[in-house]
Amino acid sequence: MKKIEGIVLRSIDYGESNKIITIFSRDLGKFGAVARGAKKPKSRLASVSQPFTYGHFICMIGNSGLATIQQGEVIDTFRGIKEDLFLTSYTAYIAELLDKGTEDRNHNPFLFELLYQTMKAIEEGHDPDILKNIFEIKMLTVLGFHPSLDHCAICGSNHGPFVFSIKEGGILCERCSHHDRFSLKVQQVTLKLLRLFYYFDLNRLGSINVKDKTKKELDLCISAYYDEYSGIYLKTKRFLQQLDKLKE
């Protein structure tokens, strides 16, 4: 029996009255758990088993298989996210990326803090597009990828201007840009933001205003990199793209 601090990434129905929830915890990493009777409206586990709920979970945990939740205490429901379709969609994408990009029971308190700080910033009204990009960039290290964003991926020069090369895994200087004729010729501010997001501490997040053109270039670079290297397909990404069309 353990008391675990965590955030619910997703929840699926199991049988007539139960749910299986995926929790990302501070101390244990990601794990699955059965919440018996959670589908019943009066269940004491109904609220704590909802997606994006941050709470304490009293669980029976073995060495493998699903845990069983005995009790739960809500710390934060992130109600502001759940009541907004757009914010829910961004958070669902972040949760799915975290779920698909991590192994079960892999201890990573930094990643838990990143998830919590990202969700908190989304609810507080910070730009969800930028927060999504920051989370995506920081997840690359977790996935084992280290794009070259400080200097040219080929010669090591830190003198710009640069282009972004998916093939070479990072930025290329003018002298080396011919190595990739399909490199992305984006604004220099876009490349600076990619580098900033890679090292950025979300605890220091202030007001970040990014032009629409730069946002599109950020998405272009990050999406292309993920498509080439990660092998991760996210259902929520397509839905986000459809929502973006509605906003336009």
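Just so it is clear, the structure is predicted and the values come from calculations on it, not from any experiment. Counting of residues starts from 1 at the beginning of each chain's written sequence and follows it residue by residue. The predicted nature of this model means local features are confined to residues of pLDDT at least 70 and side-chain atom pairs, given and counted, to a pLDDT of 80 or more, with totals for whole chains, interfaces and linings taken over all residues. Hydrogens are left out, water is left out, and the side-chain values use all remaining heavy atoms of the structure.

### Considering the pattern of salt bridges
Salt bridges are defined by distance alone: a side-chain nitrogen of Lys or Arg within 4 Å of a carboxyl oxygen of Asp or Glu. Across all of its chains, the model carries 12 salt bridges by this definition. Measuring nitrogen to oxygen at the nearest pair gives 3.7 Å for the salt bridge that ties Asp104 to Lys30. Taken as a pair, Asp104 in the loop between α2 (85–100) and α3 (109–123) and Lys30 in strand β3 (residues 29–35) lie far apart in primary sequence, 74 residues in all. Judged by its relative accessible area of 53%, Asp104 falls in the exposed class. Going along the chain from the N terminus, every DSSP run of H or I of four or more residues is numbered as a helix, and every run of E of two or more is numbered as a strand. Note on exposure labels: buried denotes an accessible area under 20% of the residue type's maximum, exposed denotes more than 50%, and partly exposed covers the range between, all computed with a 1.4 Å probe on protein chains only.

### Thoughts on the environment of Asp227
With respect to the secondary-structure elements, Asp227 resides in helix α6 (residues 212–229). What makes Asp227 exposed here is its relative accessible area of 60%. When the C-alpha atoms of Asp227 and Ile166 are compared, they prove to be 9.6 Å apart, with 61 residues separating the residues in sequence.

### Points about the environment of Lys138
Residue position: Lys138 is located in helix α4 (residues 128–142). For Lys138 and Glu168, which are 30 residues apart along the polypeptide, the C-alpha to C-alpha distance reads 19 Å. Should any heavy atoms of two residues lie within 4.5 Å, those residues are considered in contact. Residues contacting Lys138, with those up to four places away along its chain left out, are Leu114, Phe197, Tyr198, Tyr199 and Phe200. Two N or O atoms form a polar contact when they lie within 3.5 Å of each other; inside protein one atom must be a possible hydrogen donor and the other a possible acceptor, and for residues adjacent in sequence the pair counts only when both atoms belong to side chains. A distance of 3.3 Å separates a polar atom in the side chain of Lys138 from the backbone oxygen of Tyr198.

### Quick word on the pairing of strand β5 (residues 67–76)
Within a regular strand, side chains alternate between the sheet's two faces. Sheet analysis places β3 next to β5, joined by 2 bridges and oriented parallel. Each bridged residue has a counterpart across the sheet, and for Ala33 the counterpart in β5 is Ala67. Summarising the sheet, strand β4 (residues 54–60) and β5 pair through 7 bridges and their orientation is antiparallel. Bridging across to β5, His56 finds its partner in Glu73. What sits between β4 and β5 in their antiparallel hairpin is a turn of 6 residues, with Gly65 showing a positive phi close to 75°. Any two strands with at least two DSSP bridges between them are considered paired.

### Things to note about the packing of aromatic side chains
By convention, a stacked pair of Phe, Tyr or Trp rings (six-membered ring in the case of Trp) has centres within 6.5 Å and planes under 30 degrees apart, an edge-to-face pair has planes over 60 apart, and any other such pair is tilted. For the coordinates displayed, the defined rule picks out 7 aromatic pairs. Ring geometry for Tyr54 against Phe112: centres 6.0 Å apart, planes inclined by 55°, an arrangement best described as tilted. Highlighted residues: Tyr54 in strand β4 and Phe112 in helix α3, separated in sequence by 58 residues. With respect to burial, Tyr54 and Phe112 carry one shared label: buried. With a centroid separation of 6.1 Å and 45° between ring planes, the pair formed by Phe145 and Tyr229 is classed as tilted. In this pair, Phe145 sits in the loop between α4 and β6 (162–165) while Tyr229 sits in helix α6, placing the two residues 84 residues apart along the sequence. Chaining the aromatic ring pairs together yields one cluster made of Tyr54, Phe78, Phe112 and Tyr116.

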